[in-house]
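# Structural overview for review
Read off the chains here:
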Amino acid sequence: MADLPPGLMISAPASGTGKTTVMLGLLRALSEDGLAVQPFKSGPDYIDPAFHRAAAGRASFNLDTWAMGDGLLDAIAGGAAGADICIAEGSMGLYDGVALRGASGTGASAEVAARMGWPVVLVIDVGGQAQSAAAVALGFARYRPDLPFAGVILNRVASARHERLARLGMEAAGIAVLGALPRRGDLTLPERHLGLVQAAEHPDLETAITAYAAFLRTHVDLAALRGCAGATRPLLPGPLPRPPAQRIALAQDAAFSFTYPHLLAGWRAGGAGILPFSPLADQAPDPSADLCWLPGGYPELHAGTLAAADRFRQGLRRFAETRPVHGECGGYMALGQALIDKDGRRHRMAGLLGLVTSYQTRRMHLGYRRAELLSALPGAAAGTALRGHEFHYSTILEQPDAPLARVTDADGAAVAETGSHRGQVSGTFFHLIAEVP
């Protein structure tokens, strides 16, 4: 494989420090400077990559050391070929991961950075402290000696005096300050229960990203930051995920949009044709497809529209008479009998499975999943082990169909959400990331 561009990991001590705003501003500012910027997201996130793409004009891919083996990580990183610089966004805190290692690690952003050779830029919220922030930065810089550490961006700085004191602390600790961002309440992205709203739903995303870039350009030393980028380590790429069929009808709209980019890249690389359709627009899956796939998303926000989508429902039922249909999380719920929204209203779904789910009493289900299939899925035989991730707030009220898999979390504990199947129709609450070799 040709040499890949150098890269950086944008991370933080914890969630909620403003790293996504920094990431989007940085992607756009560097793009405005004429660079081809390849974005990545550390961890199992399917919302941030769409924002990255809007900011950089280039598809963003997930890198996940718990769910992905070395060959798949390298294959995905190889997507940076032809770019000038890689910028990855971390998840949670830099060193946060699970207790037991998965395919190649615990899922921590630090593992991705170390494996790729990308120095870390730590975004630190200095609200409520000044010189003490240097102790935090110093701990992160020294916690893992093999991890290259570029420096910090101070965020939510209250005043010139506050910035001066925080910089003095960093200087005493030997930590480079690459920027200092004044506190601004308007530099936030709208959120809902799974995190940010989807990029396509933002009321004026282009204006917001342009503002982030101008803000970063004013308060961050972009030339110094670019100079910190580290050489990407040599890669030994393995195969991308194989397509589960050669013609795949893929639901794609505001209710069904959570598909990992590396899966679609693998399907296309394997010669599969992807035929998008919109259930919200009352479209049926293409009858020439070999498989219908309903990804996750927010069906609970569009339950009334889905309940009234007769053409979609009838077309899906006809399709399922002769060919497989699979749903993930929101797609799984849409294949069931009914979905009860947060106000207690019951909405009819496709009825291909007996599943009934409810949002009336919210309960968070979050974490990595390992699934051993009890029944075959398209492209995966019974007995195959899969790795994925689950994140939703719905509760199962009824699941009368046969379980699809034995599912455990990252600690090996059994998970009640086993998925289910009936005939050629199947569904899971976890989003597939990779097959276990």
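Everything quoted here is computed from the prediction, not taken from an experiment. Per chain, residue numbering runs from 1 following the sequence as it is written. With the structure being a predicted model, the display of local features is reserved for residues of pLDDT at least 70 and the display and counting of side-chain atom pairs for 80 or more, all residues being used for whole-chain, interface and lining totals. Note that water and hydrogens are dropped before the side-chain values are worked out from all heavy atoms of the structure.

### Section: the overall build of the protein
Under the scheme used here, helices are H or I runs from DSSP no shorter than 4 residues and strands are E runs no shorter than 2 residues, and both carry numbers assigned from the N terminus. Counting secondary structure elements, the protein contains twelve helices and 24 strands. As a reference, a globule follows 2.2 Å times the number of residues to the power 0.38, and the radius of gyration itself is taken over C-alpha atoms. The C-alpha radius of gyration of the protein comes to 22 Å, within 12% of the 22 Å expected for a compact globule of 437 residues. For the protein, the spread of C-alpha atoms along the three principal axes comes to 70 × 45 × 40 Å. Whether two residues are in contact is decided by their heavy atoms: any pair within 4.5 Å suffices. Of all intrachain contacts in the protein linking residues separated by at least 6 positions in sequence, the fraction that spans at least 24 positions is 74%. Using a 1.4 Å probe, accessible areas were evaluated by the Shrake-Rupley method; residue-level cover was limited to the displayed protein chains. Here the protein displays about 16800 Å² of accessible surface, and carbon together with sulfur accounts for 52% of that area.

### Looking at the packing of helix 1 (residues 19-32) against helix 7 (residues 205-219)
It is at 7 Å that the axes of helix 1 and helix 7 come closest, and there the two elements cross at 85 degrees. Between helix 1 and helix 7, the crossing angle belongs to the class labelled roughly perpendicular. For the pair helix 1 and helix 7, contact is made by T21, V22, L24, G25, L26, R28, A29 and E32 and by E206, I209, T210, Y212, A213, L216 and R217, respectively. Under the scheme applied here, ten amino acids are nonpolar (Ala, Val, Leu, Ile, Met, Phe, Trp, Tyr, Cys and Pro), four are charged (Asp, Glu, Lys and Arg), and all others, including Gly, are polar. Looking at the contact of helix 1 with helix 7 residue by residue, the classes come out as eight nonpolar, three polar and four charged. Here the axes come from fitting lines to C-alpha atoms, over the contacting stretch only for helices, and the angles between their N-to-C directions go from 0 to 180 degrees. In what follows, roughly perpendicular refers to angles from 65 to 115 degrees, roughly parallel to angles under 35, roughly antiparallel to angles over 145, and oblique to any angle outside these ranges.

### Let's talk about helix 2 (residues 48-56)
For helix 2, the full list of buried residues reads D48, P49, F51, H52, A55 and A56. One side of helix 2 holds all its buried residues, which, seen down the axis, span an arc of 155 degrees. Each residue is assigned to one of three classes by its accessible area relative to the maximum for its type, calculated with a 1.4 Å probe on protein chains only: buried under 20%, partly exposed between the two thresholds, exposed over 50%. The directions from the helix axis to the C-beta atoms form the arc being described.

### Looking at the sheet that holds strand 11 (residues 273-277)
Strand pairing is assigned whenever DSSP detects at least two bridges linking the two strands. A sheet is described by the order of its strands in space; here seven strands give the open sequence 11-10-12-13-23-22-20, paired in mixed fashion. Lying at the two open borders of the sheet, with one neighbouring strand each, are strand 11 and strand 20 (402-403). The sheet contact formed by strand 20 and strand 22 (residues 420-422) spans two bridges and is antiparallel. For P403, the partnering residue across the bridge sits in strand 22 and is S420. The strands that helix 11 (residues 310-320) touches are strand 11, strand 12 (291-294), strand 13 (325-328) and strand 23 (425-428); relative to strand 12, the one it contacts most, it runs at about 135 degrees.

### So, the sheet that holds strand 18 (residues 385-392)
Strand order in the open sheet made by the four strands is 21-17-18-24, with antiparallel pairing throughout. Two strands in the sheet have a free side with no partner beyond their single neighbour: strand 21 (405-408) and strand 24 (431-435). The mean inter-strand angle of the sheet, taken between neighbouring strand axes irrespective of direction, is 30 degrees. The pairing of strand 17 (residues 365-373) with strand 18 spans eight bridges and is classified as antiparallel.

### Some words on the packing of aromatic side chains
Here a Phe, Tyr or Trp ring, Trp counted by its six-membered ring, pairs with any other such ring whose centre lies within 6.5 Å, and the pair is stacked when the planes are under 30 degrees apart, edge-to-face when over 60, and tilted otherwise. In the structure shown here, the tally under the stated rule is eleven aromatic pairs. With a centroid separation of 5.7 Å and an interplanar angle of 55 degrees, the aromatic rings of Y46 and Y260 are classed as tilted. One end of the pair, Y46, is in the loop between strand 2 (37-42) and helix 2; the other, Y260, is in the loop between strand 10 (247-251) and helix 9 (261-269), and 214 residues separate them in sequence. The same class applies to Y46 as to Y260, namely buried. A network of ring pairs unites the aromatic residues Y46, F258, Y260 and Y298 as a single cluster. For a ring to carry a charge above it, either NZ of a lysine or CZ of an arginine must fall within 6 Å of the ring centroid while also lying within 35 degrees of the normal to the ring plane. One Lys or Arg, R184, reaches over the ring of F215 and ends 4.9 Å from the middle of that ring.

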